[in-house]
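Survey of secondary and tertiary structure
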Amino acid sequence: MPLLKFSGSELAPALEEPIQEVALDDWRDNPQAHAEATALIASNDARLEDVAGDLSGFSVIILEFPTFKDGRAYSQARLLRERFGFAGEIRARGEVLRDQIMFMARCGFTAFEFAGEDTIGATAALAEFTFAYQTAADRIEPVWRRRLDRAAAA
Amino acid sequence: MYRYDEFDATLVAERVSQFRGQVARRLSGELSEEEFKPLRLMNGLYLQLHAYMLRVAVPYGTLSSRQMRKLAHVARKYDKGYGHFTTRQNIQYNWPALVDVPDILDDLAEVEMHAIQTSGNCIRNVTSDQYAGAAADEIEDPRIWCEVIRQWSTFHPEFTFLPRKFKIAVTAADNDRAAVRVHDIGLRLHKNDAGEAGFEVIVGGGLGRTPYIGHTIREFLPKKHLLSYLEAVLRVYNLEGRRDNLYKARIKILVNAEGATKFADLVEAEWAAIRKSEIDLPSEEIERIRAYFAAPAFEKRPEESAALEEKRKADPVFARWLRMSTVQHKTPGYAIVNVSLKPIGGIPGDISDVQMEAVADLAEEYSLDEIRATHEQNLVLPHVKKDDLYAVWKALEAQELATPNIGLVSDIIACPGLDYCTLANTRSIPIAQRISERFADLGGQEEIGELKIKISGCINACGHHHVGHIGILGVDKKGEEFYQITLGGSGAEDASIGEIVGRGLSSGDAVDAVEKLVHFYRGNRQDNERFLDTYRRLGADPFKEALYAAA
């Protein structure tokens, strides 16, 4: 299973750097026992607001897609980026497929445990759309702002 | 009408080429049907009993002549010469070949149409009042806000894998023609005491297995905050909605499990955290969209038309069509024309390519180039001069599009049922056809008055039986089709869920049952009471008795 990460705006296979994972519940029960942990695994029903103040102690937060149809992690990623200010890596784990990666990236994911084989296709899928209508965690200029800019320039 | 700029056009074109690639991967075997399914569903492509079915979005039910001609072209070139307008103002094609679908989408993109988000667990095509922009009772054109929602919800990265599908309807009139109280979110634009316009936000309505009337979680939302508030509702739902059981995954289950007050508190708390972010559109962009919905160039005309009055007096058949099919327009000298897709004994919502071309021609010549699709599976020519009504009627009649039955007993909503659908337990279309034939006499129908019959071929309730004045639900009992009658439902401003009135009936008995119920109503109505009013006044018992006593 290849790990894909952004290198600039391109998605590329990344070498797996060693991370020490801990599940959120385990860490809350006994933080001292997991002092070495660098990556926090937050389940889909985790209350991220309860641990918001401690997130900066981790370099990676892993969010889960038990199936590609379960979209809770999209909201969780946006909350991590936009509300709790998490600046480290947000990694997608589980059924992480080519045609969902664009949505994940827009919500703030920066690393993907890609469940497919075709990493070139996954990279290409990211570039399938030139514009986006709405703001999200990636700070792509929404179409409405491009329209305003164009009108101002005219 | 809204027109695409290069941003809108680019996104739709890129979507088609993305899907072309996905179809190629499926046809080459790189994708299994299981892997392809979610991708095709995001593009409105279902696999039905006999073939693929492609559902094309008609955003908030508005079409130009050019678009309607393209729909006719698709029916002719890629299908069997017809299409089917749905209860969500969309059109479905029942027989496309998979290999053709990218070409169909390319053809549609030429006229700014697509099949995006007509399926899947995402925010579906937003629906609205079919009389928007023409209705005498609206406070502004609700389609401005529909278009705002369309853009925001298109490929929304956070809300494309919701627990279940999500339907939003918008109205700006007191007479609710968009069924806002039975949608996941219903938005009713109204004025507060200060005279400002804002939205009543209604959440958690819906039909299906567990019907609910929606709860108002906010009486008045200033218009400029619409998107941030919707985003708050959707985020709460995305995180908290049930995902363990397909049948309990709609937002209505969450709202009713939490209680509307607690749900509203969750939304308000989320909204407080995001309302200052850049989700809401700046006023310049809202005004840009609003400009597309500016009133068309209506002529200054007298309210009454002498030519029309002369024809009305001379031709009683025309006069009946006028009474049944035309509605007051907000502009003097104009009328709203309903085009019935419910010929006696026909399939509700079906329309041939030739009929589509005819409607397109009429819209171009007589209705300022606009056509609407209605959630009751009819069409509308929204802006017809009264002077032209006779010519329009003649042309519609020649195409069997002038059945004067709008809102009457034969104006039936029916799901496709077991004739097409993989989910259905029973057929719906033949029941609709037989009821329509039973009440074929048009004078008799008019005398009965408004009566909304809605038929679903299974518990998923796509035929809206819960909100039929008379609802009919098909159930399968050991391989035999039975039909359960519900009474007293309404999807309008007086929304209510119909009550089940007793044991299931055979298909023949179900048609007889409708006749018995109508007979009882006619014997017991007071003044100008509708069937629904009489039912509400008398309650279920006497109707039940009328239905089962003699049987």
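Cut-off values and rules
- Residues numbered from 1 in each chain as written.
- Chains lettered and ligands numbered in written order.
- Predicted model: local features only at pLDDT ≥ 70, side-chain atom pairs only at ≥ 80, totals over all residues.
- Pairing = 2+ DSSP bridges.
- Helix = DSSP H or I, 4+ residues; strand = E, 2+ residues; numbered from the N terminus.
- Axes fitted to C-alpha atoms, helices over the stretch in contact; angles between N-to-C directions.
- Contact = placed C-beta atoms within 7 Å.
- Nonpolar A, V, L, I, M, F, W, Y, C, P; charged D, E, K, R; others polar.
- Domains from an automatic or database assignment.
- Buried ≥ 20, exposed ≤ 12 C-beta atoms within 10 Å, placed from the backbone.
- Core = buried A, V, L, I, M, F, W, Y, C linked by C-beta atoms within 7 Å.

**Some remarks on the sheet that holds strand E5 (residues 91-93) of chain B**
All names here are of chain B. An order of E1-E2-E5-E4-E13 is seen for the five strands of this open sheet, with the pairing classed as antiparallel. Each of the sheet's edge strands pairs with one partner strand only, and the pair in question is strand E1 (45-47) and strand E13 (350-352). With strand direction ignored, the average angle separating the axes of adjacent strands in the sheet is 30°. Where strand E4 (residues 82-85) and E13 come together, three bridges link them in antiparallel fashion. Residue pairing across strands places Gly83 opposite Ile351, the latter belonging to E13.

**So, the interface of chain A and chain B**
Contacts between chain A and chain B engage 27 residues on the former and 30 residues on the latter. For the side of chain A that touches chain B, the elements supplying multiple residues, two or more each, are helix H2 (72-83), helix H3 (101-107) and helix H5 (143-153) of chain A. Its residues assigned to classes, the side of chain A that touches chain B shows twelve nonpolar, five polar and ten charged.

**Side note on the domain arrangement of chain B**
All names here are of chain B. Under the domain assignment, chain B is made up of domain 1 (6-109), domain 2 (142-292), domain 3 (306-398) and domain 4 (413-548). Computed over C-alpha atoms, the centres of domain 3 and domain 4 are 27 Å apart. At the interface, nine residues of domain 3 touch ten residues of domain 4. Classifying every residue of the side of domain 3 that touches domain 4 by side-chain character gives four nonpolar, two polar and three charged.

**Thoughts on the environment of B:Ala134**
All names here are of chain B. Along the polypeptide, Ala134 turns up in the loop between strand E6 (127-128) and helix H5 (143-153). Classification of Ala134 as buried rests on a count of 30 C-beta atoms within 10 Å. In sequence terms Ala134 and Pro59 are 75 residues apart; their C-alpha atoms lie 17 Å from each other. Ignoring any residue separated from it by four or fewer positions in sequence, one finds Ala134 in contact with His329, Lys330, Ile336, Pro382 and His383.

**What about the nonpolar core?**
Core analysis: the largest hydrophobic core is formed by 205 residues, its most contacted members being B:Val233 and B:Val359. Contact partners of B:Val233, with chain neighbours within four places excluded, come to B:Ile185, B:Val203 and B:Val267.

**Topic: unusual backbone geometry**
Residue and element names in this part refer to chain B. The phi angle at Ala461 is positive, at roughly 65°, despite the residue not being glycine. In this fold, Ala461 is placed in the loop between strand E17 (453-456) and strand E18 (470-477). Positive phi, normally seen in glycine, also occurs at His464, with a value near 60°. If you trace the backbone, His464 turns up in the loop between E17 and E18.

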